[in-house]
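Residues per chain are reported as follows:
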Amino acid sequence: MGRRNVGTTENIRHREKIMPEAGFTRPVDPQRFADHPEEMYWQSQADSFAMPAAEVEQIQLHALRRRFEELREKLPPLRRLADEHGLTAISQINDAAVLLFKHSVYKSYPVSLIENNRFDRLTQWFDNLTAQDLSGVNMAAGIESIDDWLDHLDRECGVRVIHTTGTSGKLSFLPRGWVDGTRQLRSTRLAQQPLGSPEPHDLQSVPTLVIGHRRAYNGYGAMLDALVDDLYGGDETMIVPMNPGRLSADVMSLAGRLTAGGNRAETARSALSPAIRQRMDELVEARKTAPERRAHFFDTIIDRFAGKRVMMSGNWSMYDEMMTAGQSRGIDGLFAPDSLLLCAGGTKGAVLPEGYRNAIPGFLGIPVLSELYGMSEMGALMPKCSAGKYHAWPWLVLFLLDPQTGDPATRSGTHTGRFGVVDLSYETRWGGILSGDEVTMTFGKCECGLDGAFIADTVRRYSEQEGGDDKITCAGAPAAHDNALAFLAGIE
Amino acid sequence: MMTEGDAFRVPLIIRGKIIEENSLVHGGRGGSVAFAAPDVAAFAEGLCLSNPDTLADLHALSVAEIIDYLEELGQRLPLGRNGWIEEAFRLSCHTSGLGPDILQGMYKTLDRQLDPVALREVADAAIGIDYLDGWVERRLHDGVTARVRAFGARAVHIVAGNAPGTSLLTIARNAITRGDAIIKTPSNDPLTAAAIARTMIEMAPDHPLTRHVSVAYWKGGDTSVEERLYAPRNIEKIVAWGGMSSIRHVAKYIQPGIELIALDPKLSSTIIGRDAFRDEKSMRPVADALAMDGGGLNQEGCVNARVVWAECGTDEAGIAQLARFGGMVYEAIQALPAHLSGPAVRMDARLAEEIESLQIGGADWYTVIGGGVEGSVVVSHTDEPVDFADILTNRVLNLVPMDDVATAVDAVTSYTQTIGIWPESLKERLRDSLALQGAQRMVTLGRAIGMPGHGIQDAIEPWRRMCRWIVDESHGDV
């Protein structure tokens, strides 16, 4: 099993190569939606949002029951959760509110499995979270790192893993859970299309700019791989990344563990294999030169792509940084107006200059920056409408929970509480997840005319609200935690 | 939003003077209560004691007189005798992680912390009463005579709020060491220190000990207060309890002339030797003792056990035995008396989520006994603690099996404060290794949450370090 060569034409995934028009709508049969909710992906955006709310609700209830029945026997965590709540059948949508996984379910393994290279046992744990069969995975095949393990699952088992960094530096592993590989590209398309506009065309010749690593096992990395494989026909040069390398899961994991190690960090370090230690050192070195590299990349973008049609994803603070760099060179209206730029994840805690919401699209040269709400656990993000609300696709069953009791709000009117969702498009993993976000959610008609569930543009993390107090206690070891976070923030 | 009229009122006290005007409203802990406190920035100049000469009055007092004063203060403090303390207790019921029964027990017994015998013992053990009361002469080998005396210092005390005793301990330490204390109260207990100071004012308004205590609440990091206060012309020491955010605020002011005495946040653990796991009969008393270390005071303290290392073996039989032991520990925690322990007042949301996720997704590696507000015992199936061991609270213990106690010794770090050990002989065997690894206090199992009067805390002697050690040398006339 050789390593994937990044950035060469050999870098073609195990999937069947498909035609450039992949990711576009396909003919669908609405009669099948209740049994096959994943097929709703393939109808047009307009059709998805034109479905009457009552009909969507019926489809969702039926599909929820179906997914639950299919998956409860295959996924022990889902079964345990249902048993714990004495839930044997879903009679109404809100019954499923108790079945939302907390995010930490996806990191409920002992971190020592990684420290001790027990990827066989990590696979056993992970097998509980996907209905895809991993029992035959050959773990004797020289898997010595998380990166190897992720590659192996991707190539040999067809399970794309999305990992995220937890607050403690411990990685969570989430199976992407799509049998159909081209769905990733469709998901990207859905995000790129501003709500109410037509499907974008001719994208196979539009380059994608990446302020980050070319390769990563996160939602974004999955999208880039799908673009290369399914849109660009394997042509790596269509992706223009700031960093052509890989965002190594091992290094992310190590950074968290080392900084969390207190006075034992050096001991932990001495136990590392030389290869991993070298990767770590490279990363620390790379962090030092990061500001220059970013500046250089912005220059490259301006020089090569001014006036051109491009695709890009980012958050407000990233675009703001680009704007500052561009304006210092007297640039305005940078890209072609039919470029596809999207924005998710808010401001990432940065305080941005007043009026940035108008200034940034103006600088980028586009009429509107598509804003989206969602999380890695969701297959498709929720687009923002003209009234500034994020709308749920018909395969997303939204829940609004009381942050204290966990009780779901009634499915009418407007409520504020914790955001939860069951993404019915997942066939091989349970799509139910509870976020850490406080949102204001409405079940009903939006000013923009759409009917169904939507949330206001007032999302905030519960952890942010609880932070910043002035409580002092003698119990705890918080320094390590803070250090790990600071370090990881510098990597991404 | 609460208006000022609805809120608890926290006074600003500057050396015997009570200030209640010019208030700002601060959000309370737990989202249920707010409190109003004077804007300290407006009074910052008065809060600074720029002339250290004014400490002379304190140094005219003997330790005996100081202890008499504290004893009398102690008599006036217990809940039921004192309206200010009553109010502090009521506010704490909204802000503390301890339940009302536990808080009531603590406020009722505040006088015990000022027991004259115990105070004299710690003053003599940690500092030396003769050094406090006068110059202690020593003849050095080269004929020089050195006379040493422990003087008081001007200090800001950033106190922890997880138990009211912290505020009283600070006032007692300040009195014995003859310092001038400015106590910065935390939002999880903004009123106890002020209640004690008001009682001092009521008892002896002009006494030097009363006139050298100030109590203020400002939000940690407020530069309009801290930039003026934290300067060598105003203070000599900062005694800071608490974690990163607390230390981060003061760290930038540390400079020559200001010493930081850091009482960092710590965690504590337990080591239980193999003999405990012989049978039901041997396990029961050990489980009872452990319940006190882990469940007492709702596991809110740094002294509370969290990870418990058990030399029961990591084979199937060992883990099964540990699970039986875990059941006993859980029962024993539930049976603790209400004034010592109770269900969680505020659940740590992240911890609750981690435990639920272990139950759902980590069943191959962990057994969870109990759960929810009552607390739980998590039994690891390998010789490793849960990955979230740093945040264990709400009466959640993690029992970790091991084949050899060396595993437990290896796990000790500089964050480890107390280790409860059973049996005693094991404590003696391990103590040097544990100390070298970073542990700071080894104690008989079941006795972790008490702190006797040896004056040692976090591997330092805060009593001693709060003093300024001054020497007078005589080399003979020239």
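Draft legend 1. Region of the structure containing the sheet that holds strand S4 (residues 23–27) of chain B. All names here are of chain B. Read from one edge of the open sheet, three strands run S1-S5-S4, paired in mixed fashion. The sheet terminates laterally at strand S1 (8–9) and S4, the two strands that pair on one side only. As paired elements, S1 and strand S5 (residues 34–38) share two bridges and run parallel to each other. Bridging from a neighbouring strand, Arg 9 pairs with Ala 36 of S5.

Draft legend 2. Fine view of the pairing of strand S14 (residues 451–455) of chain A. Residues and elements named next belong to chain A. Most of S14 is tucked away, with four of its five residues classed as buried. Relative to S14, strand S10 (residues 390–391) runs antiparallel, the two sharing two bridges. Its bridge partner lying in S14, Tyr 390 is registered against Ile 455. As judged from the five bridges shared by strand S13 (residues 432–445) and S14, these two strands associate in the antiparallel manner. Across the sheet, Lys 445 pairs through a bridge with Asp 451, a residue of S14. Between S13 and S14, which follow one another and run antiparallel, lie five residues, and Gly 449 among them has a positive phi close to 105°.

Draft legend 3. Spatial organisation of the packing of helix H3 (residues 63–76) of chain B against helix H8 (residues 165–177) of chain B. Residues and elements named next belong to chain B. Remark: H3 packs on H8, axes separated minimally by 9 Å, with the N-to-C direction vectors making an angle of 155°. For the element pair H3 / H8, the angle class is roughly antiparallel. Note that H3 runs across H8; the crossing there is right-handed. Of H8, the residues touching H3 (which contributes Val 63, Ile 66, Tyr 69 and Leu 70) are Ala 172, Ala 175 and Ile 176. Considered class by class, the residues forming the contact of H3 with H8 number seven nonpolar, no polar and no charged.

Draft legend 4. Here's a closer look at the sheet that holds strand S13 (residues 267–272) of chain B. Residue and element names in this part refer to chain B. A sheet is described by the order of its strands in space; here seven strands give the open sequence S15-S16-S17-S14-S13-S18-S19, paired in mixed fashion. Single-partner strands in this sheet number two, and they are strand S15 (366–370) and strand S19 (441–444). Across this sheet, the average inter-strand angle for adjacent strands is 20°, counted without regard to direction. The strands touched by helix H14 (residues 349–361) are S15, strand S16 (376–380) and strand S17 (396–401); relative to S15, the strand with the most contacts, the crossing angle is about 120°.

Parameters at a glance
- Residues numbered from 1 in each chain as written.
- Chains lettered and ligands numbered in written order.
- Predicted model: local features only at pLDDT ≥ 70, side-chain atom pairs only at ≥ 80, totals over all residues.
- Pairing = 2+ DSSP bridges.
- Helix = DSSP H or I, 4+ residues; strand = E, 2+ residues; numbered from the N terminus.
- Buried ≥ 20, exposed ≤ 12 C-beta atoms within 10 Å, placed from the backbone.
- Axes fitted to C-alpha atoms, helices over the stretch in contact; angles between N-to-C directions.
- Parallel < 35°, antiparallel > 145°, perpendicular 65-115°, else oblique.
- Left-handed = near helix turned anticlockwise from the far one by under 90°.
- Contact = placed C-beta atoms within 7 Å.
- Nonpolar A, V, L, I, M, F, W, Y, C, P; charged D, E, K, R; others polar.

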